[in-house]
Amino acid sequence: MAFCKNCGSELQQGAKFCENCGAPVEEANVQQAVEQPVYTEAQPVNTPEQEGLAKSALILSIVGLVLAELGLPGIIVSAIAKGKVKKATEAGAIGGKLKAARILSKIGLILSIVMTVFWVVYIVAIGGVMAYGISNGAFDY
Ligand SMILES: [Zn+2]
């Protein structure tokens, strides 16, 4: 597909002049016009909807990462963030925001699971110490 260098309108195959503005079609112009769409395809842009999905995925993944230290809340938010990443990917969204959201939601999920295990062990340990203390009369006055 060739385009007029002067006005940018589409040129008929083998046309010598542009139908729109009448500018002569040179071989060099056609060559350049052919290369341009390739360049455009190399840098696709998100639609506002795709950008919105990627953005909300990124925000949720950051919130999930922040909540990771609490354990379970981090798991929930990170899982939702991962779902948003999947939805945005399925919608055809691309770019740095989505990539960052994908990585951060994964880290958030792993960290949240580790922290949940930590808290469970911590609570069980405290409970164990308390139970041991009670059975040994440490809390009797
Ligand atoms: Zn033209």
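Higher on the page you've got the structure.
Analysis parameters
- Residues numbered from 1 in each chain as written.
- Predicted model: local features only at pLDDT ≥ 70, side-chain atom pairs only at ≥ 80, totals over all residues.
- Heavy atoms only, no water.
- Donors = N, O, S within 2.8 Å, 3.2 Å for Na, K, Ca; no water.
- Tetrahedral: all angles 85-135°; square planar, octahedral: opposite > 155°, others 65-115°.
- Buried < 20%, exposed > 50% of the residue type's maximum accessible area, 1.4 Å probe, protein only.
- Core = buried A, V, L, I, M, F, W, Y, C linked by side-chain atoms within 4.5 Å.
- Helix = DSSP H or I, 4+ residues; strand = E, 2+ residues; numbered from the N terminus.
- Contact = heavy atoms within 4.5 Å.
- Salt bridge = Lys/Arg side-chain N within 4 Å of Asp/Glu carboxyl O.

Undergrad: What's the story with the coordination of the zinc ion in this structure? I'm lost.
TA: Ideal values for angles at a metal depend on the geometry: 109.5 degrees with four tetrahedral donors, 90 or 180 degrees with six octahedral donors. Around the zinc ion, the donor atoms from the protein are Cys4 (SG), Cys7 (SG), Cys18 (SG) and Cys21 (SG), and they sit 2.3 Å away. Here the zinc ion is ringed by 4 donor atoms whose angles at the metal span 105 to 112 degrees, and the overall shape comes out tetrahedral. Spacing between the donor residues of the zinc ion along the chain follows C-x2-C-x10-C-x2-C. Take cysteine 4: its relative accessible area is 8%, and that puts it in the buried class.

Undergrad: When you look at the nonpolar core in this model, what are you seeing that I'm missing?
TA: Burial of nonpolar side chains together is a common tendency in soluble globular proteins. Formed by Leu53, Ala54, Ala57, Leu58, Val85, Ala88, Ala93, Leu98 and Ala101, the largest nonpolar core amounts to 9 residues. Those elements giving two or more residues to this core turn out to be helix H2 (48-67), helix H3 (72-90) and helix H4 (96-135). Residue contributions to this core peak at 4 residues, all from H2. Setting aside residues up to four positions removed in sequence, valine 85 forms contacts with Ala57, Leu98, Ala101, Arg102 and Ser105. Counting residues in hydrophobic clusters, the runner-up holds 6 residues, among them Leu11, Cys18, Ala23 and Val25.

Undergrad: Hey, could you run me through the environment of cysteine 7 in this one?
TA: Turning to its location among the elements, cysteine 7 is positioned in the loop between strand S1 (2-3) and strand S2 (10-11). Looking at cysteine 7, the relative accessible area reads 33%, which means it is partly exposed. Measuring from C-alpha to C-alpha, the distance between cysteine 7 and asparagine 20 comes to 7.6 Å, with 13 residues separating the pair along the chain. Apart from the residues within four sequence positions on either side, cysteine 7 is in contact with Cys18, Asn20 and Cys21.

Undergrad: Got a minute to help me understand the pattern of salt bridges in this structure?
TA: Where side chains of opposite charge bring their charged atoms close, a pairing between them can arise. Counted by the stated rule, this structure contains 1 salt bridge. Note that glutamate 51 and lysine 97 form a salt bridge whose closest N and O atoms lie 2.7 Å from each other. Residue glutamate 51 is located in helix H2, and its partner lysine 97 is located in helix H4; the two are separated by 46 residues in the primary sequence. Overall, glutamate 51 belongs to the partly exposed group, its relative accessible area being 28%. By relative accessible area, which is 33% here, lysine 97 ends up partly exposed.

Read these as layout, nothing more, since geometry by itself doesn't imply function.
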